[in-house]
Amino acid sequence: MEPVYRMFAGGVAGATAMVLTYPLDVVKSRLAVEGGRAQYRGVAHCVKSVIKAEGVRGLYRGVIPSVIAIAPFLAVQQSCFDFLKHATSHRLDATIPTFVVLGATAGLAAQTVVHPFDVVRRRMQVDTSHGKLRSGWRTAQRVLARHGVAGLYRGYVATALKIMPAVAISLVVRDSLLGRVDVTHRARRSRAQAAARR
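Residues numbered from 1 in each chain as written. Predicted model: local features only at pLDDT ≥ 70, side-chain atom pairs only at ≥ 80, totals over all residues. Heavy atoms only, no water.

### Thoughts on the environment of Ala168
Condition: Put simply, DSSP marks the helices as runs of H or I at least four residues long and the strands as runs of E at least two long, and each gets a number from the N terminus on. Contact between two residues is taken to exist if any of their heavy atoms lie within 4.5 Å; hydrogens are not considered.
As for its placement among the helices and strands, Ala168 is situated in helix α6 (residues 156–177). Along the backbone, Ala168 and Pro97 are 71 residues apart, and their C-alpha atoms lie at a distance of 9.8 Å. Not counting residues within four places of it along the chain, the set of residues in contact with Ala168 comprises Val100, Gly103 and Ala104.

Below is the structure:
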């Protein structure tokens, strides 16, 4: 029951954090893609412009795909990490390097599952056509019609290179604080001593 509870609690926490900070994500995306047009003069001007042109809802374009993606991301990340730890426990010590590799792998697996949601979210965030990309489903259909399934994985490599170290560091720090990481290599020394006594 604990893994289910942890997944639920993590999903609720992640969704809450995303909803609270989502307008800043929209502003960041708008500022990043405006190119040489200089449409916005800064963060505050971008916020005011979006609200004036699209209403407060404009600051939350793409929030539903983002919230939907949180639960599977956390579920895949944690279940993959736990599975890899269990599968390698008899061959690898629970050290920081081991957990970094396992965490990065878990992050990659989770991002692979939810990346299409990420693409849909970004498309909706930067849409200034006032309604053409009103829903996540319609946005996904448009991407598929124009670019095929590959379109839902645009930017995957760059995102994966960002997510892998972020997830690895997060999981290593968490497990270190919980005492799950063998930072002093006790297991390796114990095996060496046992071998020496034979």
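### Section: the pattern of salt bridges
A side chain of one charge can pair with a side chain of the opposite charge if their charged atoms are brought near each other. The condition is simple: Salt bridge, as used here, is a side-chain nitrogen of Lys or Arg placed within 4 Å of a carboxyl oxygen of Asp or Glu. Each residue's exposure class comes from its accessible area (1.4 Å probe, protein chains only) as a fraction of the maximum for that residue type: buried when under 20%, exposed when over 50%, partly exposed otherwise.
Summed over all chains, the structure comprises ten salt bridges. We note a salt bridge from Arg30 to Glu54, for which the minimum N-O separation is 3.1 Å. Separated by 24 residues along the polypeptide, Arg30 in helix α1 (residues 2–33) and Glu54 in helix α2 (residues 43–54) bring together distant segments of the chain. Given the relative accessible area of 2%, Arg30 is considered buried. What makes Glu54 buried here is its relative accessible area of 16%. Between Asp82 and Lys85 there is a salt bridge; the shortest N-O distance is 4.0 Å. Of the two residues, Asp82 and Lys85 are both situated in helix α3 (residues 63–88); the distance of three residues between them amounts to about one turn of the helix. A residue is classified by how much of its surface remains accessible, and Asp82, at 29% relative accessible area, is partly exposed.

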